[in-house]
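Now for the letters of each chain:
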Amino acid sequence: MALHFERSEFDARRDRLMIEMAEKKLDAILLFAQESMYWLTGYDTFGFCFFQCLVVKADGSMVLLTRSADLRQARHTSIIDNVVLWTDRNGANPAVDLRNLLNDLDLLGARIGVEYDTHGLTAYNGRRLDEQLQTFGQIADASGIVGRLRLFKSPAEIAKAEKAANLSDDALDAALPLIKQGGDEALILAAMQGAIFAGGGDYPANEFIIGSGVDALLCRYKAGRRKLTKNDQLTLEWAGVFHHYHAPMMRTVLTGKVSKRHQELFDAARAALIAVEKAMTPGNTFGDVFDAHARTMEAHGLTKHRLNACGYSVGARFTPSWMDMPMFYQGNPEPIAPHMTLFAHMIIMDSETETAMTLGRTYLTTESQPKPLSRHDLDLIVQ
């Protein structure tokens, strides 16, 4: 099988989930998030765009309900022994198949947790699921149970994150020679993604962000490419990915002369990231980290040009986003603890002067100060 972790690692993860289920008095949990299935079993697919569910009972036994296209995928990439198929057909309702499976598993009348908050369960399928389960047993929202377990990384997972970070650095190294007057965004993007693939990495869970000129102020990918001018700004957000583990980075790179406004924004971004690093320690919360960012931006007179979040947890994620929970935003009470991999991004977009500046990298939290996973420094990059 194409497993990326030892069987003992999966066994430990299953045991952690069983403890959580016992505390919440769940007889079973229905997992729909692909990252939950991957973390728990190694199951690796993009077939979650269709209805599929991993049923985990309180005794740790597991059954996957999926389509025929994913039967071999599950057998080859996961530790799942029991795979049940629902059939593609006109008028098919896989929620009925799932109810029948739960009945076969002797779960009628049981307390069952459902992982609702995921792209792996659309609103349409969620409604069909509720229709089938409303009289079947006691249904509880179990969203976030596995997600919180995934927040704390094992040594084997940290090794994946460190490899992903190396690939992030390689991507930046590949891009820099191409960032110059006349440089083509298409070639820059190809070089970055190519470096990650050449290093044994994977597709990211969402597209890389690339934009120059006015488009440097965008925080999302968009179609269309342009060539850089003599004095230009290029915003990049990308992630090295290894076995689906992500280590994002973010930079705004300048060509030609550095404007006074660019320097002001960079100084603020760097100061804010350093403040965030100091706050990213046990004893503080995710909200405290955001507050360190917000205070610094306010001190530089940039409150209206910053965002309302400044980073998030990262790990093994699937389309449509590498962003994981929890996030750095105001009032988030989640404590900072060792063994988290967290991406902090300082994003300043001044639409009044059409000036962009970003700075971000991935960290591993420790018993004290966080460890940056990038080998690159925080200096302003001017080509």
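What counts as what
- Residues numbered from 1 in each chain as written.
- Predicted model: local features only at pLDDT ≥ 70, side-chain atom pairs only at ≥ 80, totals over all residues.
- Heavy atoms only, no water.
- Domains from an automatic or database assignment.
- Contact = heavy atoms within 4.5 Å.
- Buried area = accessible area lost by both parts, 1.4 Å probe.
- Salt bridge = Lys/Arg side-chain N within 4 Å of Asp/Glu carboxyl O.
- Polar contact = N/O pair within 3.5 Å; in protein donor to acceptor, adjacent residues only side chain to side chain.
- Nonpolar A, V, L, I, M, F, W, Y, C, P; charged D, E, K, R; others polar.
- Helix = DSSP H or I, 4+ residues; strand = E, 2+ residues; numbered from the N terminus.
- Buried < 20%, exposed > 50% of the residue type's maximum accessible area, 1.4 Å probe, protein only.

If you check an unreviewed UniProt entry, the protein chain appears there as Aminopeptidase P family protein from Mesorhizobium japonicum R7A.

J.: Go over the domain arrangement of the protein chain with me, naming the residues and quoting the values.
T.: For the protein chain, the assigned domains read domain 1 (5–148) and domain 2 (151–370). Computed from C-alpha atoms alone, the centre-to-centre distance between domain 1 and domain 2 is 33 Å. On the side of domain 2, 16 residues touch domain 1, which itself brings 14 residues to the contact. Carbon and sulfur atoms make up 52% of the area that domain 1 and domain 2 hide from each other, which totals about 1300 Å². Along the contact surface separating domain 1 from domain 2 lie three salt bridges. For glutamate 334, the salt bridge is made with arginine 148, and the minimal N-O distance between the two is 2.7 Å. Between domain 1 and domain 2 we count seven residue pairs in polar contact (both at pLDDT 80 or more) in total. Here the residues of the side of domain 1 that touches domain 2 sort into four nonpolar, four polar and six charged.

J.: Lay out the side chain of aspartate 350 in plain terms, naming residues and giving numbers.
T.: Here aspartate 350 shows up in strand β12 (residues 341–350). Separated by 3.0 Å, the side chain of aspartate 350 and the backbone nitrogen of glutamate 352 make a polar contact. Looking at aspartate 350, its side chain comes within polar contact range of the side chain of threonine 353, at 2.8 Å. Apart from residues no more than four positions distant in its own chain, aspartate 350 is found in contact with Leu217, Arg261, Leu265, His305 and Thr355.

J.: Which residues make up the side chain of threonine 66, and what values go with them?
T.: Summarising the element assignment, threonine 66 is placed in strand β3 (residues 62–66). Relative accessible area serves as the criterion here: at 1%, threonine 66 is assigned to the buried category. Reaching out from threonine 66, the side chain makes a polar contact with the side chain of glutamine 52 at a distance of 3.0 Å. Ignoring anything within four residues of it in the chain, the contact list for threonine 66 reads Tyr43, Phe51, Gln52, Val83, Val84, Leu85 and Trp86.

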